[in-house]
Amino acid sequence: MRAQFQHHHRLICYLDAAGPGPLERQTLVLLHAFPLAADMWQRQLGVVPAGWRFVAPDLRGFGESSPGETSAPASIDDYAEDVVALLDHLGLDRAVIAGLSMGGYAAFSVLRTAPARVGGLVLADTRAEADGESARASRDAMLETLARGGASAVFERMLPGLLGATTRASRSDVVDLVRKMALSQPEEGIRRGILRLKTRPDATPLLAAIRCPTLVIVGDEDQIVGPDDARQMHLQIAGAELVMIGRDGHLSNLERPDGFNAALARFLAERF
Ligand code: MLT
């Protein structure tokens, strides 16, 4: 179901799905990639395991969540603030936080700003490092692309990295779905999203202090976060597990939902 609440006069919208079983539930919060919204998690929200509740917010400015004050500086911590507001709204002390790519950067921000709220982590197709010089330059180029050609130009520029070679060659339904989702995002949310990606701090120093159960997932065809980067990150987190999904690209949960869901369900069943 879709739900919403107000936080500081802003609307925060989220998708909420419960698995079968007792009302006493643990909660997984799913944080989406750029330039998408909560509905990229539909294939996970449809198969919530027994005893779990999955909640997926539209991060600020994406989907149906309002962008907030657009003249204020944009920070990745804005997304963490909204995740914490969501936990407060749901009456939850803590939850397992899962983030894919930009969602992973937001998960690191929650870990940095509100560590007590994080009961576990799923870090999918994401990295802890901040943008380097060339990545920041390409964010500036992306802002120009957005100003000139809108959401559609941003999507076409990102497509080769966003989806794996196998998906692009043989799954036109997935390409069309992701295009439709990306093209429906408000331009202001995309613009401020790019600024948040560009200015996010290095989360590498957090890795050695992580003590909660952690699953790292990566598609073997992910060109934005390579399998080697994921392997390196997982080695820096004590007790973390790594799952690499074959013939899967950057949007691993959408491109190969069966592999993603199997890894997620096993992790939740064994570690919580
Ligand atoms: C994403 O998928 O969220 C973006 O590709 C992240 C990024 O560009 O760093």
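The coordinates are above.
Computed from a predicted model, the values in this text were never measured in an experiment. (Residues numbered from 1 in each chain as written. Predicted model: local features only at pLDDT ≥ 70, side-chain atom pairs only at ≥ 80, totals over all residues. Heavy atoms only, no water.)

Novice: What's the story with the side chain of Ser109 in this structure? I'm lost.
Specialist: The residue Ser109 is located in helix α3 (residues 102-113) in this model. For Ser109, a relative accessible area of 1% translates into the label buried. Here the side chain of Ser109 touches Asp77 through a polar contact of 2.5 Å, side chain to side chain. Ser109 has contacts with Ile76, Asp77, Ala80 and Ala114, leaving out every residue within four places of it along the chain. (Helix = DSSP H or I, 4+ residues; strand = E, 2+ residues; numbered from the N terminus. Buried < 20%, exposed > 50% of the residue type's maximum accessible area, 1.4 Å probe, protein only. Polar contact = N/O pair within 3.5 Å; in protein donor to acceptor, adjacent residues only side chain to side chain. Contact = heavy atoms within 4.5 Å.)

Novice: What's the story with helix α6 (residues 172-183) in this structure? I'm lost.
Specialist: An α-helical segment advances 3.6 residues per turn. Residues three or four places apart therefore align on the same side. The end-to-end C-alpha separation of α6 is 16 Å, in line with the 16 Å expected for 12 residues at 1.5 Å each. Val174, Val175, Val178, Met181 and Ala182 are the residues of α6 that are buried. Along the long axis of α6, the arc covered by the buried residues comes to 130°, so they all point the same way. For α6, the secondary structure elements touched by its buried residues are α4 (133-162), α5 (165-170) and α10 (252-255). (Expected span 1.5 Å × (residues − 1). Arc of directions from axis to C-beta.)

Novice: Before we go on, may I ask you to explain unusual backbone geometry in this structure?
Specialist: A negative phi holds for most residues other than glycine; trans holds for most peptide bonds. For the bond from Phe34 to Pro35, the omega torsion is 0°, close enough to zero to count as cis. Secondary-structure assignment places Pro35 in the loop between β3 (26-31) and α1 (42-45). Even without being glycine, Ser101 reaches a positive phi, approximately 55°. For Ser101, the position within the fold is in the loop between β5 (95-100) and α3. One non-glycine residue, Arg247, lies in the positive phi region at around 50°. With respect to the helices and strands, Arg247 occurs in the loop between β8 (241-245) and α10. Under the relative-accessibility criterion, Arg247 is labelled partly exposed at 49%.

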